[in-house]
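A look at the structure
Chain residues, written in single-letter form:
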Amino acid sequence: MNLEETYFKKKIDNINILNIIDAAKFKNETNKCVVITGVTGQDGSHMVDYLLKNTQYIIFGGVRRLSVQNHTNIRHIKSDRFHLINFDLNDSNNIYKVVEVLKPDYFINFAAQSYVACSWDFAKITWETNATSIIDILEAIKSFKPNCKLYQAGSSEEFGNVSYSPQDEKHPLKPRSPYGASKVASRQLIKVYRESYNLYAIQGWLFNHEGTRRGEDFVTRKITKNVAKINKSIKNNEPVIPIELGNIYAKRDWSDAEDFIDGIWRMLNQEIYNENYNGTPEEFVFSSNETHTIKEFVELAFNCIGINGYWKNDSTDLLNEKYFYKNKNNEEILLVKINPSFYRLAEVDILFGDSTRARHELKWEPKTIFESLVKKMVNNDIDLIS
Ligand code: F7E
């Protein structure tokens with residue numbers, strides 16, 4: 001079989017997604033093998049790009065079987081070292097089979113129910129996907145490939161109702177959402193298995209990380225996508241449809257997802273990157289070490305299209321806060337308003353990370369600053385709709 005023609009030169013559809021037995025034929029003795037779940041998502045797709053560029057490993061990307069596939073984030077990949085496999089975290093047998101047959105050297109679990117806001121409506125599926133299934137991954141690794149290194153996606157949402165800022169690795173875990181609670185549970189499970197069975201199993205604390213592949217329901221992408229639409233409407237002299245947001249006073253520590261991928265790989269290879277590595281892998285915080293309100297993100301995003309708007313509120317009720325600008329005819333145009341349905345049942349008011357340890361011990365350094373991230377996202381969304 002000509003590998004070059006098996007996947008990338010054809011239309012991507014279910015035919016290209018391999019069952020585990022067929023996938024195993026692409027393993028070889030020379031190259032290590034990595035399983036990445038959630039490979040069509042932001043982090044999964046960036047991890048594939050990173051490993052294709054920086055290693056010679058064979059990569060198996062896990063995707064859930066859907067009748068309408070969403071492969072936008074991996075469509076650009078052209079490599080015969082990358083293969084898609086059927087994978088579903090909610091099927092224990094599937095998890096066991098993947099580990100038993102492929103015997104991966106690394107298992108990177110990005111698959112998750114990752115929308116915090118939805119986690120109240122889907123608390124059980126959030127728990128089963130993000131916490132229960134981790135037992136299956138750990139059991140499978142323990143039984144079939146105990147020297148496989150496991151990375152599980154952790155979150156600053158685990159800190160929740162924060163006790164102090166900035167948050168470091170010692171901060172107590174005080175989640176505010178079913179999502180945050182599920183990530184605390186997986187962290188505890190991983191710790192127990194790491195200590196009981198001596199597994200290289202870790203969960204980093206990743207603060208918010210964004211980029212051009214970010215899902216459109218997360219607040220950053222929602223803003224940049226709508227700013228791009230507003231830019232187009234203004235240019236075409238069409239009516240502006242304002243952005244509707246929830247709590248614009250929440251503060252988040254936003255970074256570029258690509259910077260975090262490098263950090264995750266360093267965390268998975270501490271014997272290489274940490275000169276003080278003592279044989280027991282540690283878990284690290286990854287953050288920009290800055291915090292900004294959603295309001296500031298909005299202002300910066302509009303600045304990218306040449307708009308310096310202003311906030312107005314005729315009452316003391318935060319729900320009446322609005323963002324306007326004056327067009328060339330000096331008319332006041334509404335750009336942003338508050339929609340209470342985007343408020344959460346319990347909010348994490350501030351996330352503000354301290355990634356000093358990762359910077360020192362793993363020699364990790366983020367490349368993209370906040371302002372450049374916003375600009376990159378707005379410009380990308382402008383390109384996408386033009
Ligand atoms: O919300 C506020 C909202 O949905 C950020 C995930 O990757 O990062 C992400 O979780 C903030 C919250 O991300 C809207 O109330 C206001 O305070 O973009 P988000 P998130 O919940 O912080 C962590 C680290 C993860 O682990 C998660 O998987 O923005 N906000 N208005 C809004 N949020 C949304 N989505 N939509 C709004 O209209």
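So, here is what we can say about the structure in this document. Note that the structure is predicted; figures quoted are calculated from it, not measured. (Residues numbered from 1 in each chain as written. Predicted model: local features only at pLDDT ≥ 70, side-chain atom pairs only at ≥ 80, totals over all residues. Heavy atoms only, no water.)

1. Topic: helix 9 (residues 294–303)
Among all positions of helix 9, only Ile294, Lys295, Phe297, Val298, Ala301 and Phe302 are buried. Buried residues along helix 9 cover an arc of 160 degrees about the axis, so they all sit on one side. (Buried < 20%, exposed > 50% of the residue type's maximum accessible area, 1.4 Å probe, protein only. Helix = DSSP H or I, 4+ residues; strand = E, 2+ residues; numbered from the N terminus. Arc of directions from axis to C-beta.)

2. Some remarks on the site of the ligand
Near the ligand you find 23 residues, and of these Ser155, Tyr179, Lys222, Arg344 and Glu347 are the closest. Here an oxygen atom of the ligand and a side-chain polar atom of Tyr179 are 2.7 Å apart. One of the backbone nitrogen or oxygen atoms of Val219 is found 2.8 Å away from an oxygen atom of the ligand. With the chains in place, 96% of the 700 Å² that the ligand exposes on its own is no longer accessible. Elements with a minimum of two residues in the shell around the ligand: helix 6 (219–235) and strand 10 (243–245). (Near = heavy atom within 4 Å. Polar contact = N/O pair within 3.5 Å; in protein donor to acceptor, adjacent residues only side chain to side chain. Areas by Shrake-Rupley, 256 points an atom, 1.4 Å probe, with all protein chains shown as cover.)

3. Quick word on the sheet that holds strand 10
Here four strands make up an open sheet; going across it, the order is 10-17-16-15 and the pairing mixed. Strands at the two margins of the open sheet, each flanked by one partner only, are strand 10 and strand 15 (310–312). Strand after strand, the sheet turns through a mean of 30 degrees between neighbouring axes, direction not considered. Strands strand 10, strand 16 (322–326) and strand 17 (332–338) of the sheet are contacted by helix 6, whose axis makes an angle of about 160 degrees with strand 10. (Pairing = 2+ DSSP bridges. Axes fitted to C-alpha atoms, helices over the stretch in contact; angles between N-to-C directions. Contact = heavy atoms within 4.5 Å.)

4. Let's talk about the packing of helix 6 against helix 9
Contact geometry for helix 6 and helix 9: axes closest at 10 Å, N-to-C directions at 30 degrees. Taken together, the axes of helix 6 and helix 9 are roughly parallel relative to one another. As helix 6 packs across helix 9, the resulting crossing turns out to be right-handed. Contact residues: Val219, Thr220, Ile223, Thr224, Val227 and Ile230 in helix 6; Ile294, Phe297, Val298, Ala301 and Phe302 in helix 9. (Parallel < 35°, antiparallel > 145°, perpendicular 65-115°, else oblique. Left-handed = near helix turned anticlockwise from the far one by under 90°.)

5. Some words on the sheet that holds strand 3 (residues 58–63)
In spatial order, the strands read 1-4-3-2-5-6-7; together these seven strands make up an open sheet with parallel pairing. Because the sheet does not close on itself, it has two edges, and the strands there are strand 1 (17–18) and strand 7 (201–203). Pairing of strand 5 (residues 106–109) with strand 6 (residues 149–152) involves four bridges; the strand directions are parallel. Residue pairing in the sheet places Phe107 in a bridge with Leu150 of strand 6. Lying on the sheet, helix 2 (residues 42–54) is in contact with strand 2 (33–37), strand 3, strand 4 (82–86) and strand 5; it crosses strand 2 at an angle near 160 degrees. Most of the contacts of helix 7 (residues 257–268) go to strand 6, to which it runs at about 145 degrees, and overall it touches strand 5, strand 6 and strand 7.

6. A few points about the nonpolar core
Inside soluble globular proteins, nonpolar side chains tend to come together where they are buried. Residues Ile36, Ile108 and Tyr151 are the most contacted members of the largest nonpolar core, which totals 35 residues. Breaking this core down by element, the ones donating at least two residues are strand 2, helix 2, strand 3, strand 4, strand 5 and helix 7. At six residues, helix 7 tops the list of elements feeding residues into this core. (Core = buried A, V, L, I, M, F, W, Y, C linked by side-chain atoms within 4.5 Å.)

7. Comments concerning helix 5 (residues 178–197)
Structural remark: α-helix, 3.6 residues per turn; residues separated by three or four positions point the same way. For helix 5, with 20 residues, the first-to-last C-alpha span of 28 Å sits near the 28 Å given by 1.5 Å per residue. Along helix 5, the residues classified as buried are Tyr179, Gly180, Ser182, Lys183, Val184, Ala185, Ser186, Arg187, Ile190, Tyr193 and Arg194. The inward-facing, buried residues of helix 5 contact helix 4 (123–144), strand 6, strand 7 and strand 8 (205–206). Immediately downstream of helix 5, the backbone of Asn198 shows phi near 60 degrees, a positive value. (Expected span 1.5 Å × (residues − 1).)

8. Considerations on unusual backbone geometry
Cis peptide bonds are those with omega within 30 degrees of zero, and the linkage from Ser165 to Pro166 qualifies with -10 degrees. Mapped onto the secondary structure, Pro166 falls in the loop between strand 6 and helix 5. Positive phi, normally seen in glycine, also occurs at Asn198, with a value near 60 degrees. Under the relative-accessibility criterion, Asn198 is labelled exposed at 66%. With a phi angle near 70 degrees, Asn289 is a residue other than glycine that sits in the positive phi range. Here Asn289 falls in the partly exposed class, since its relative accessible area comes to 26%.

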